[in-house]
Amino acid sequence: GESVGLHLPTLSVQEGDNSIINCAYSNSASDYFIWYKQESGKGPQFIIDIRSNMDKRQGQRVTVLLNKTVKHLSLQIAATQPGDSAVYFCAETGEDSNYQLIWGAGTKLIIKP
Amino acid sequence: GAGVSQSPSNKVTEKGKDVELRCDPISGHTALYWYRQSLGQGLEFLIYFQGNSAPDKSGLPSDRFSAERTGGSVSTLTIQRTQQEDSAVYLCASSFPGHEQFFGPGTRLTVL
């Protein structure tokens, strides 16, 4: 497991614009990646995941991109809405970590009206 | 159950007292995790249970912290002789190994 105790970076986006949240992961052997959304006062909730044999996966208004060459993961949110305001965490896992999730530091997304 | 549940939702205690936090995972999930989250910060891993294997306790911050998982289901996180720096939200999650974790709503612990 990993500990993350850093203060969160913040991304401010105009309502209706697209948001891109980036994450650099640590282990080149990780084969499964997940994005979570955490709203104030709640536990993290699953948004979308991607396996290492893919480089892109789309959901409803969200797209995850995986670049294994540079160990980079991104979450794109289309037409950002006020309800998208939250902290977004990326997480990685694989056999190396005994399938425990290794969490990124999180990014706070603020939607400007 | 429908999701992961935790109790109590809020706990206020005095410095030096012991507290027990409970987690009921999703039925059938063999993996259970405890995390701690301070205000405005990320998730701090505490402990991980997987089936009948010995738990990974590498994240426990001191020997005042301990956790049990009885019968492969319910888990209890115990903090002895609580300190003010223990104040945080304690989150529990469960999953099938290698799959997405489902989180409970957390227990907000305040140590006065």
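Residues numbered from 1 in each chain as written. Chains lettered and ligands numbered in written order. Predicted model: local features only at pLDDT ≥ 70, side-chain atom pairs only at ≥ 80, totals over all residues. Heavy atoms only, no water.

Caption draft 1: Representation of the sheet that holds strand β7 (residues 75–79) of chain B in the model. Residue and element names in this part refer to chain B. Spatial strand order, β1-β3-β7-β6: four strands in an open sheet with antiparallel pairing. In this open sheet, the two strands that pair with only one neighbour each are β1 (5–7) and β6 (65–69). Averaged over all pairs of adjacent strands, the angle between their axes in this sheet comes to 15°, without regard to strand direction. With five bridges joining them, strand β3 (residues 19–24) and β7 adopt antiparallel strand pairing. The residue bridging E20 from the neighbouring strand is T78, located in β7. (Pairing = 2+ DSSP bridges. Helix = DSSP H or I, 4+ residues; strand = E, 2+ residues; numbered from the N terminus. Axes fitted to C-alpha atoms, helices over the stretch in contact; angles between N-to-C directions.)

Caption draft 2: Layout of the interface of chain A and chain B. On the side of chain B, 21 residues touch chain A, which itself brings 24 residues to the contact. Interface area for chain A against chain B, summed over the two sides, is near 1800 Å², with a carbon-plus-sulfur share of 50%. If you look at where chain A meets chain B, you find zero salt bridges. Secondary-structure elements contributing two or more residues to the side of chain A that touches chain B are β3 (32–38) and β4 (45–51) of chain A. With four residues, the single largest contributor to the side of chain A that touches chain B is β3 of chain A. Considering only residue class, the side of chain A that touches chain B consists of 13 nonpolar, nine polar and two charged. (Contact = heavy atoms within 4.5 Å. Buried area = accessible area lost by both parts, 1.4 Å probe. Salt bridge = Lys/Arg side-chain N within 4 Å of Asp/Glu carboxyl O. Nonpolar A, V, L, I, M, F, W, Y, C, P; charged D, E, K, R; others polar.)

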